[in-house]
Amino acid sequence: MKPPIPILRSFSEAEARAFYVDYLGFEITFEHRFGPGAPLYFEVKRSDCLLHVSEHHGDAAPGTALRIEVPDIEAFHADISDRGHKRLGPGINETSIGFREVSVVDPFYNRLIFCQRM
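For the structure given in this document, a descriptive report is provided here. Quantities reported herein were computed from a predicted structural model and do not represent experimental measurements. (Residues numbered from 1 in each chain as written. Predicted model: local features only at pLDDT ≥ 70, side-chain atom pairs only at ≥ 80, totals over all residues. Heavy atoms only, no water.)

Some details on the sheet that holds strand β2 (residues 27-32)
To summarise the sheet geometry, strands pair through backbone hydrogen bonds and adopt either a parallel or an antiparallel arrangement.
Next up, step 1: Strand order in the open sheet made by the 4 strands is β1-β4-β3-β2, with mixed pairing throughout. The open sheet has two free edges, formed respectively by β1 (7-9) and β2, since each of these has just one partner strand. The sheet shows a mean angle of 25 degrees between the axes of neighbouring strands, taken without regard to direction.
Next up, step 2: One ladder, built from 5 bridges, connects β2 with strand β3 (residues 41-46); its direction is antiparallel. Paired with His32 across the bridge in β3 is Tyr41. (Pairing = 2+ DSSP bridges. Helix = DSSP H or I, 4+ residues; strand = E, 2+ residues; numbered from the N terminus. Axes fitted to C-alpha atoms, helices over the stretch in contact; angles between N-to-C directions.)

Focus on the pattern of salt bridges
Next up, step 1: Scanning the model with the defined rule gives 9 salt bridges in all.
Next up, step 2: For Arg117, the salt bridge is made with Glu69, and the minimal N-O distance between the two is 3.4 Å. Taken together, the residues Arg117 in strand β8 (residues 111-117) and Glu69 in strand β5 (residues 65-69) connect sequence positions 48 residues apart.
Next up, step 3: Two residues, Asp79 and Arg83, come together in a salt bridge whose shortest N-O distance is 3.1 Å. A residue pair is termed a helical-turn pair when its members lie 3 or 4 positions apart in one helix, as Asp79 and Arg83 do in helix α2 (residues 73-83) at 4 residues.
Next up, step 4: Accessibility expressed as a relative area gives 24% for Asp79, which makes it partly exposed.
Next up, step 5: Residues participating in the shared-partner salt-bridge network are Glu13, Arg17, Glu31 and Arg33. (Salt bridge = Lys/Arg side-chain N within 4 Å of Asp/Glu carboxyl O. Buried < 20%, exposed > 50% of the residue type's maximum accessible area, 1.4 Å probe, protein only.)

Here's the deal with the nonpolar core
Next up, step 1: Counting residues in each nonpolar core, the largest one holds 24 residues, and the members touching the most others are Tyr20, Leu24, Leu51, Val104, Leu112 and Phe114.
Next up, step 2: Broken down by secondary-structure element, the contributors of at least two residues to this core are α1 (13-23), β3, β4 (49-54), β5, α2, β7 (99-105) and β8.
Next up, step 3: Per element, the largest residue contribution to this core is 4 residues, and it comes from α1.
Next up, step 4: Apart from residues lying up to four places away in sequence, Leu51 is in contact with Ile5, Pro6, Leu8, Tyr20, Phe26, Phe42, Glu43, Val44, Leu66 and Leu112. (Core = buried A, V, L, I, M, F, W, Y, C linked by side-chain atoms within 4.5 Å. Contact = heavy atoms within 4.5 Å.)

A few points about the sheet that holds β5
Next up, step 1: In spatial order, the strands read β5-β8-β7-β6; together these 4 strands make up an open sheet with mixed pairing. Edge positions in the open sheet fall to β5 and β6 (93-94), since each of these has one partner strand only.
Next up, step 2: Here β7 runs beside β8; their pairing, made up of 7 bridges, is antiparallel. Bridged to Phe99 within β8 is Arg117.
Next up, step 3: In this fold α2 packs onto β7 and β8, with an angle of close to 25 degrees to the strand it touches most, β7.

Quick look at α2
Next up, step 1: When α2 is considered as a whole, its buried residues turn out to be Ile73, Phe76, His77 and Ile80. All buried residues of α2 fall inside an arc of 95 degrees around its axis, so they share one side.
Next up, step 2: For α2, the elements touching its buried residues are α1, β3, β7 and β8.
Next up, step 3: The N-cap residue of α2 is Asp72: its side-chain oxygen and the backbone nitrogen of Glu74 are 3.1 Å apart.
Next up, step 4: Note on α2: the residue one or two positions beyond its end, Gly84, has a positive phi of about 70 degrees. (Arc of directions from axis to C-beta. Polar contact = N/O pair within 3.5 Å; in protein donor to acceptor, adjacent residues only side chain to side chain.)

Structure representation (structure tokens):
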């Protein structure tokens, strides 16, 4: 069995691309619309992490939280810090459950917690 692929709700194609591609460094691997002007459904990938982002009502609810393990939290943090974001400037936090993590919230209130076990 492979890991699940989470579906995250989106309300703006431009904001989703800016956040997931430009800021977090994911690449788009496919896009789908049922027709012109229809909601966008797309997949992004960074390393082995796959996420689906959907504008379709009912695919997912805003406010989802994901924990995504990364091999080197310092390198990940440096990468997104270098890319920069007009509203975000996360730090690295240590948790009581044994992780170092970088938490960001996308424009649609989904929280992505990138983490490394201590």
